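Fold and contact review
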Amino acid sequence: MSFWKRMNIKWDKDSISTWSSPRKTLYILFPLLVYFLAHDMAEVLLWAGLNLFMENSGETVAAFLQQNAYTVRGIIYGIAICLGVAAIGQGVLAEIDGRPVTFDGEGEPVKKKQPFLTVETSWQVKKYMFLGALAFLSSFGLNLLFGVTGFTGSSQAFSRTVEAQFGVNFLVGLILYGILAPIAEEAVFRGLIYNRMKRCFRYGIALFVSALLFGCYHGNLVQAVYGTILGLLMAYLYELYGSFVAPVLFHGVANVSVYVMGYCQGFAGMDKNIGIAASAVSLAGAVGCLFYIKKCIKEEENKKKSQGIVRKIEN
């Protein structure tokens, strides 16, 4: 079996338990390395192609692209993250398939014909409605708290990131931050890193380290703290729901909520005391949503058990 194939198989816990720590680390981090290499190579080639196009186009086209530089940058970033995920797509699909891998007599993984991504139809829609509410309240509360306490203004790198994000055309931004980025980032950090780390080590380690890696991925202190907090919550919700849909939906709603509020300058000029109070109310509402979600899921699980149906989660 080739090295590439071994790196893309969803190895079971019993097989992984015989591995050395360096091999486990390689298994976890190799897809991340491939993602960044593919992502960065795509960006370099796209920028080179764009520069070549501008050199051979008229002044009108060049001026238009320069005037919309942030939007162009956002589009290139969106294409690059899609190509990065495509490079590790085989491993991602294997990991977010909730069923355990099986092997044939020659040690090769058996291909599955069933769909890899499903939402249990028995789950009530309200669980996902409250998941959306949880995403909005937690992202709004944290951003408001960071803003009124001056934390967001403490990082020049974050200020440059915000300028670039809100310089993008609004519709392009909605697609980029509400769809492409959530799917790509969840595929990497929850789909691959979290799932593999959970089988290689322990649930607690997977939860915290995957969230920390997700936070650091954003490249500045403000987003590192924010991303780590939400990363913990998204991994927990992934485990709670047992569906990859949950972290993707949470991530998308959170991103869109903050993007729209920031685009409309909803955080500007707010009094500090009012901001802290509003943040506290939002975060309290988020906690309430989380407890309600857990209650709903527990009731559904009890109902399934009474019917002889048990959802198995691989820890």
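See above for the structure.
Here is what the cut-offs are and how they apply
Residues numbered from 1 in each chain as written. Predicted model: local features only at pLDDT ≥ 70, side-chain atom pairs only at ≥ 80, totals over all residues. Heavy atoms only, no water. Salt bridge = Lys/Arg side-chain N within 4 Å of Asp/Glu carboxyl O. Helix = DSSP H or I, 4+ residues; strand = E, 2+ residues; numbered from the N terminus. Buried < 20%, exposed > 50% of the residue type's maximum accessible area, 1.4 Å probe, protein only. Axes fitted to C-alpha atoms, helices over the stretch in contact; angles between N-to-C directions. Parallel < 35°, antiparallel > 145°, perpendicular 65-115°, else oblique. Left-handed = near helix turned anticlockwise from the far one by under 90°. Nonpolar A, V, L, I, M, F, W, Y, C, P; charged D, E, K, R; others polar. Phe/Tyr/Trp six-rings, centres within 6.5 Å; stacked < 30°, edge-to-face > 60°. Lys NZ or Arg CZ within 6 Å of the ring centre and 35° of its normal.

Let's shift gears to the pattern of salt bridges. Tallied over the full model, the rule gives 5 salt bridges. Glu-239 is paired through a salt bridge with Lys-198; the nearest N and O atoms lie 3.0 Å apart. A residue pair is termed long-range when its members are at least 10 positions apart, and Glu-239 in helix α11 (residues 221–241) and Lys-198 in helix α9 (residues 170–200) qualify at 41 residues. Just as Glu-239 is buried, Lys-198 falls in that class too. Where Lys-295 meets Glu-299, a salt bridge forms, and the shortest distance between an N and an O atom there is 2.8 Å. Linking Lys-295 with Glu-299, this pair stays in helix α13 (residues 272–306), spanning 4 residues, or about one helical turn. Residue class for Lys-295 comes out partly exposed when judged on its relative accessible area of 45%. Using a relative accessible area of 43% as the deciding quantity, one classes Glu-299 as partly exposed. Among the charged side chains, a salt-bridge network with shared partners connects Glu-95, Arg-196 and Arg-199.

A separate point is the packing of helix α7 (residues 125–148) against α13. Their axes nearest at 8 Å, the elements α7 and α13 cross at an angle of 155°. With respect to α13, the element α7 is oriented roughly antiparallel. Seen along the crossing, α7 lies across α13 with a hand that is left-handed. Within the contact of α7 with α13, the residues separate by chemical class into 20 nonpolar, 6 polar and 4 charged.

We now examine the environment of Lys-13. Along the chain, the position of Lys-13 falls in helix α2 (residues 13–16). A relative accessible area of 37% places Lys-13 in the partly exposed class. A sequence separation of 187 residues divides Lys-13 from Cys-200, and the C-alpha atoms of the two residues are 6.9 Å apart.

The next point concerns the packing of aromatic side chains. Taken as a whole and judged by the stated rule, the model has 20 aromatic pairs. Taking 5.4 Å as the distance between ring centres and 65° as the angle between the ring planes, the aromatic pair formed by Tyr-35 and Phe-36 counts as edge-to-face. In this structure Phe-36 comes out as partly exposed when scored by relative accessible area, which is 29%. Their ring planes at 45° and their centres at 5.8 Å tell us that Phe-36 and Tyr-217 sit as a pair that is tilted. Highlighted residues: Phe-36 in helix α3 (residues 21–55) and Tyr-217 in helix α10 (residues 203–217), separated in sequence by 181 residues. One aromatic cluster is present, formed by Tyr-35, Phe-36, Phe-189, Phe-214 and Tyr-217 through successive ring pairs. The side chain of Arg-190 reaches across the aromatic face of Phe-214, ending 4.4 Å from its centre. Across from the ring centre of Tyr-27, 3.9 Å away, lies the NZ or CZ of Arg-196, which sits over that ring.

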